[in-house]
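Chain by chain, the residues:
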Amino acid sequence: MHTQFEMKAKNIYILLLFVTNILLFTQCSTKNNNAATRSYHYVTARYNVYFNANKAFLKVDDEIHKSNKDNYSEILPVFPLSNPETAAMAKGKMDYVLEKCQKTIKTHSIVKKPKKDPKRMRDPEYKAFLEKEEYNSMVQQAWLLMGKAQFYQSDFLAAVSTFSYIKRHFDDNKDVCVEASLWEARTFAELGWYYEAEESLKRIDEKTFTHHTNEIFVLVKSDLLLKQGYYEEAIPFLLTAVDQSDRKDKARMSYILAQVYEKLGNYPEAYKWYEECLDNNPLHELEFNAMLSQARCYQGKDIESLKAKLEKLIKKQSNSEYLDQIYFTIGELYQRNGNEQLAIKFYDKAINESIRGGIDKAKAQVALGEIYYSKENYLKAQPLYSEAIPLLPTTFENYPELSKKSLLLNDIAKNQQTIVLEDSLQYLSTLSKEQQIAIIEEVIKKRKEEEAEQQRKLEEAARIQSIRDQNAAMGQTNLSL
């Protein structure tokens, strides 16, 4: 008897639970728009689907920033994602975020108008409430996050479309619309559509800025101006960006500001801001480059003292693969202070000691080539340009001019070599057979010495790479100061 009663009670409980769930689902359907449904879908979206999407977005963003590799031969981009290699790493990593954003929009969007209250129809705020196109602000946030994810995927046209949709349909949410406009401007800038980016920023009422959107605005504006080469105009925004950055980002923004001052020839200010970068505990690679760049901007008279500091870096085994950068910096230091002979010496050392090759060696070759070119020593300048140009990115400063100069030097060198060869052959014909053999043997000896030196450099490069691989396996950094 007791057992039958318990079973009956259990069945009634299950039936009541089922009915309750049906009622809850009906009341909380997005087809209903009342205080209960709005609260339910807001909370569910915020702490479930959207929460997971935003968490995944922040994780990918952190991974991308940590894996970013900057090109210190150019002014660093305000946003690491502007580096093509970094952007390539982000592709495909936002699929989960996009999926969750779409699910948030599909499951929790409330577009049905609420039942009108005739007594409140004269209230402007109530009338504005009735005119809304979306009654769940977390869905609006999901649209914004989806646009950001599309941007990270380099799907810029889709991102622009999403941000434009937000501005058209969610104008009741000023914060979301302002942030969408800022991201729209950033997207246009990434596409190189600078006029459209400027227009997006002009349409924003700065009075509506919150602390968060003001931070974004300063960075987007700085990025846009730098991309267009408006360095002087970018300085006030960069100063603000440095001021409002946390310690981690302050070092990078200080470095960019220092680079801008250096680009404009204001070396005292550049020196000061490289020091600011170093004071903010930058990562090793940024610290190393800040030290070299600061030395390059030194305007004092005690060059030898500064050179001694740089030579301390040379003596460290951990910096052996960066000798080209250090020697190049010393060469620049001497050249800026009018000592061309010592500049030539250290540019030459930078080229000969280069293990990695690449852009750092190419920069030294161009610098040395420019000196020889100015002296009309075309035979010495030509091989320097010829080897450097293929190593330089097309975005390198004065690249078109350097490329044309290299082609011109190739023609000049070819003609001069023909003349020199003819003169040499005529000279050799006047010598005895023994003298001719001695000269040939000397040429062969020199060629063997050059090949041996080249082999030594290759072996040293292999040794350095082996050390780097071992350090990487043990989780150590490959650059230590």
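Remember, predicted model here, so these are calculated numbers, not experimental data.

(A) Local environment of the overall build of the protein chain. For the protein chain, the helix and strand inventory stands at 21 helices and zero strands. Within the span of the protein chain, comprising 481 residues, buried residues form 41% of the whole. Of the contacts formed within the protein chain by residues at least 6 apart in sequence, a portion of 61% connects residues at least 24 apart. Of the roughly 27800 Å² of accessible surface on the protein chain, a fraction of 54% belongs to carbon and sulfur atoms.

(B) Here's a closer look at the side chain of Asn280. In this fold, Asn280 is placed in the loop between helix H13 (267-279) and helix H14 (284-296). With relative accessibility at 7%, the residue Asn280 sits in the buried group. Here the side chain of Asn280 touches Glu276 through a polar contact of 2.8 Å, landing on its backbone oxygen. Here Asn280 is in contact with Arg247, Lys250 and Ala251, once residues within four sequence places are set aside.

(C) Representation of the environment of Glu215 within the structure. In this fold, Glu215 is placed in helix H10 (residues 211-227). Under the relative-accessibility criterion, Glu215 is labelled partly exposed at 24%. For the pair Glu215 and Ser245, spaced 30 residues apart in the sequence, the C-alpha separation amounts to 8.5 Å.

(D) Spatial organisation of the packing of aromatic side chains. The final tally for this structure, using the stated rule, is 20 aromatic pairs. With a centroid separation of 5.2 Å and an interplanar angle of 45°, the aromatic rings of Phe209 and Phe217 are classed as tilted. Look at Tyr255 and Tyr274: their rings are 5.3 Å apart centre to centre, the planes differ by 65°, and that puts the pair in the edge-to-face class. Note that Tyr255 is positioned in helix H12 (residues 247-263) and Tyr274 in helix H13, a separation of 19 residues in sequence. Three or more aromatic residues link up through ring pairs in this structure, and these residues are Phe57, Phe151, Tyr152, Phe156, Phe163 and Trp183.

Rules used in this analysis
- Residues numbered from 1 in each chain as written.
- Predicted model: local features only at pLDDT ≥ 70, side-chain atom pairs only at ≥ 80, totals over all residues.
- Heavy atoms only, no water.
- Helix = DSSP H or I, 4+ residues; strand = E, 2+ residues; numbered from the N terminus.
- Buried < 20%, exposed > 50% of the residue type's maximum accessible area, 1.4 Å probe, protein only.
- Contact = heavy atoms within 4.5 Å.
- Areas by Shrake-Rupley, 256 points an atom, 1.4 Å probe, with all protein chains shown as cover.
- Polar contact = N/O pair within 3.5 Å; in protein donor to acceptor, adjacent residues only side chain to side chain.
- Phe/Tyr/Trp six-rings, centres within 6.5 Å; stacked < 30°, edge-to-face > 60°.

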